[in-house]
Amino acid sequence: MLDQFWSSLKSGTDIRGVASEGGGYEINLTDDVVKRICKGFAIWLEQKFHMSSDCLVVAVGHDSRISAGRISNAAMTALSETGARVLDCGLASTPSMFFAIEEFGCQGAIEITASHHPFYRNGLKFFTKYGGLDSKDITEILQYAQENKTPLKKEGIVEKSDSMDRYCHRLQRMILEGVGAKEGELPLTGFHIVVDAGNGAGGFYAHRVLKPLGADITGSQFLEPDGMFPNHIPNPEDKNAMESVCKATVKAKADLGVIFDTDVDRGGAVDSTGAEINRNRLVALASAIALEQCPGGTVVTDSITSSGLKVFIEQHLGGKHHRFKRGYKNVINESIRLNEQGISSPLAIETSGHAAFRENQFLDDGAYLVTKIVIQMVNLKKEGKQLQDLLQS
């Protein structure tokens, strides 16, 4: 059983703690604690995949937090000491770490992040090819850390990875295919899209996904990583953050504004009038997109969605709305369960902005969601329509 210290680091399906000074709390996510946790993850992977740690390949990335470098180095050092081959992905989004697993044949991946939490906090989020870990898996890893268990000491390697470049290229291909364009074409020419990264890890989306495909990204803001988050909290649920991107979108006279949280597993949007596409409106838009390819499908949401949304999904879109308990992992697991039972569910989405499409292996990926919205915007333009037309019931 976990003692008070180690259990305090557990946050649902993640590990989070105090990693920097400035918040008035004692640092508990020290280098030693991080190393013990990562060696616990190596043991967990050994048992999961029935292989010794010197055969493991593990990718490690981080968001823009001020403690990211320290914790990332501690994590990579610990993993290499187990004999693992460690891929240093540097500044990376959480979803790109899941992508790295398939791209490089990894058994596991770790993103150093604490999502939208204050600058002085940080944490670790774990993945395998089966997706993010569940609560019981985190408890098991922390148990190993508490007992200071470690694989036999061996000598592994740490090497730089171009995983984010590959991830960005994947999103570019997704847009090309989604709008019927060919490699080398610029299908976003004539479209003006404002990106607000809140100084988190999401600035890549403007410069490495949209601009190379011809989009005008002028008016985008806070793209530079800054772990002190000096402009606003990188959180699509935050009122000030949404007001900021709405104003920026209107000022730039853009067709679309998009906003990400710190590690880009959540996203939000703003239409050309400056109106938020967030919370229930975001669920409605994502549902409209998902159900186009899955008529009559079931959309799983958390329990706090509005009754009007249920009417929109069932009467306007012709789908089914299945409310489930709060927690993005709970919503995702419920959608997976329904599919296993033969009930077609193409989307699991929480009002916080966590959206997981079945076609994307039920990974909650803010950049993937926004890319689906961009594709929809381009295709609607061909019909003389706008995104907000989809939300009219």
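Relevant structure appears above.
Here we summarise the structure given alongside this text. In this text the structure is predicted, and so the values were computed from the model without any measurement. (Residues numbered from 1 in each chain as written. Predicted model: local features only at pLDDT ≥ 70, side-chain atom pairs only at ≥ 80, totals over all residues. Heavy atoms only, no water.)

### Re the nonpolar core
And step 1. Of all hydrophobic cores here, the largest spans 75 residues; its most connected members are F204, Y205, L210, L256, I373 and V374.
And step 2. Top contributing element to this core by residue count: helix α12 (residues 366-382), with 10 residues.
And step 3. Excluding anything up to four places from it in sequence, Y205 contacts L171, V195, L210, F260, A367, V370, T371 and V374. (Core = buried A, V, L, I, M, F, W, Y, C linked by side-chain atoms within 4.5 Å. Buried < 20%, exposed > 50% of the residue type's maximum accessible area, 1.4 Å probe, protein only. Helix = DSSP H or I, 4+ residues; strand = E, 2+ residues; numbered from the N terminus. Contact = heavy atoms within 4.5 Å.)

### Some points on the packing of aromatic side chains
For any pair of aromatic rings, geometry is given as the distance between the ring centres together with the angle between the planes.
And step 1. Tallied over the full model, the rule gives 12 aromatic pairs.
And step 2. Where F49 meets Y130, the ring centres are 6.4 Å apart and the plane angle is 10 degrees; that geometry is what we call stacked. Here F49, found in helix α2 (residues 31-49), pairs with Y130, found in the loop between β6 (121-128) and β7 (131-132); they are 81 residues apart in sequence, far enough to count as distant.
And step 3. On the accessibility criterion, Y130 (57% relative accessible area) is exposed.
And step 4. When the centroid spacing of 6.4 Å and the interplanar angle of 80 degrees are considered together, the rings of F204 and Y205 count as edge-to-face. Each member of the pair, F204 as well as Y205, is classed as buried.
And step 5. Through successive ring pairs, a cluster of aromatic residues spans F99, Y167, F204, Y205 and F260.
And step 6. The side chain of K372 reaches across the aromatic face of F357, ending 5.6 Å from its centre. (Phe/Tyr/Trp six-rings, centres within 6.5 Å; stacked < 30°, edge-to-face > 60°. Lys NZ or Arg CZ within 6 Å of the ring centre and 35° of its normal.)

### Some details on unusual backbone geometry
And step 1. Phi is positive for S115, which is not a glycine, with a value near 55 degrees.
And step 2. Tracing the sequence through the fold places S115 in the loop between β5 (108-112) and β6.
And step 3. Backbone geometry at F229 places phi at a positive 50 degrees, although glycine is not the residue there.
And step 4. Examined against the element boundaries, F229 turns out to sit in the loop between α7 (204-210) and α8 (239-251).

### A few points about the pattern of salt bridges
And step 1. Within the structure shown, the criterion is met by 22 salt bridges.
And step 2. Across the pair D32 and R36 runs a salt bridge whose closest N-O atoms are separated by 3.8 Å. With a gap of 4 residues between them, D32 and R36 both fall in helix α2, about one helical turn apart.
And step 3. By relative accessible area, D32 is classed as partly exposed at 46%.
And step 4. Here R166 makes a salt bridge to E103, at a shortest N to O gap of 3.1 Å. Of this pair, R166 sits in helix α6 (residues 163-179) while E103 is found in helix α4 (residues 94-104), placing the two residues 63 residues apart along the sequence. (Salt bridge = Lys/Arg side-chain N within 4 Å of Asp/Glu carboxyl O.)

### Let's talk about the environment of I66
And step 1. Relative to the helices and strands, I66 resides in the loop between β3 (57-62) and α3 (68-80).
And step 2. Overall, I66 belongs to the partly exposed group, its relative accessible area being 44%.
And step 3. For I66 and F119, which are 53 residues apart along the polypeptide, the C-alpha to C-alpha distance reads 7.0 Å.
And step 4. In contact with I66, not counting residues within four places along its chain, are S20, F119, G227 and M228.

### Overview of α2
And step 1. For α2, which comprises 19 residues, the first-to-last C-alpha distance of 27 Å matches the rise-based estimate of 27 Å (1.5 Å per residue) to within 8%.
And step 2. The buried fraction of α2 amounts to 14 of the 19 residues, a majority that puts the element mostly inside the structure.
And step 3. One or two positions beyond α2, positive phi appears at H50, with a value near 55 degrees. (Expected span 1.5 Å × (residues − 1).)

### Some remarks on α3
And step 1. Here α3 spans 18 Å end to end across 13 residues, near enough to the 18 Å set by a 1.5 Å rise per residue.
And step 2. Against the buried residues of α3 lie α2, β3, β4 (85-91), β5, β6 and β8 (157-160).

### A few points about the pairing of β3
And step 1. Summarising burial for β3: 6 of the 6 residues are buried, a large majority.
And step 2. Alternating residues of β3 divide into V57, A59 and G61 and V58, V60 and H62, and every residue in both groups is buried.
And step 3. When β3 meets β4, the two strands line up parallel, connected through 6 bridges. Within β4, the position partnered with A59 by the bridge is L87.
And step 4. Looking at chain direction, β3 and β5 are connected through 5 bridges and run parallel. Looking across to β5, one finds that H62 is bridged to I112. (Pairing = 2+ DSSP bridges.)

### Here's the deal with the sheet that holds strand β15 (residues 347-349)
And step 1. As summarised here, the arrangement of the 4 strands in space is β14-β13-β15-β16, forming an open sheet in which the pairing is mixed. Both edges of this open sheet fall to β14 (320-324) and β16 (355-357), since each of them pairs with a single strand only. Each strand of the sheet is rotated relative to its neighbour by a mean of 15 degrees, with strand direction disregarded.
And step 2. Running over the sheet, helix α9 (residues 280-292) touches β13 (298-302), β15 and β16 and is turned about 170 degrees from β15. (Axes fitted to C-alpha atoms, helices over the stretch in contact; angles between N-to-C directions.)

### Focus on the packing of α6 against α12
And step 1. In contact at an axis separation of 9 Å, α6 and α12 are set at 25 degrees when each is read in the N-to-C sense. Taken together, the axis directions place α6 and α12 in an arrangement best described as roughly parallel. In this structure, α6 meets α12 at a crossing whose hand is right-handed. In this structure, α6 contributes Y167, R170, L171, M174, I175, G178 and V179 to the contact, and α12 contributes A367, Y368, T371, K372, V374, I375, V378, N379 and K382.
And step 2. A class-by-class count of the residues in the contact of α6 with α12 yields 10 nonpolar, 3 polar and 3 charged. (Parallel < 35°, antiparallel > 145°, perpendicular 65-115°, else oblique. Left-handed = near helix turned anticlockwise from the far one by under 90°. Nonpolar A, V, L, I, M, F, W, Y, C, P; charged D, E, K, R; others polar.)

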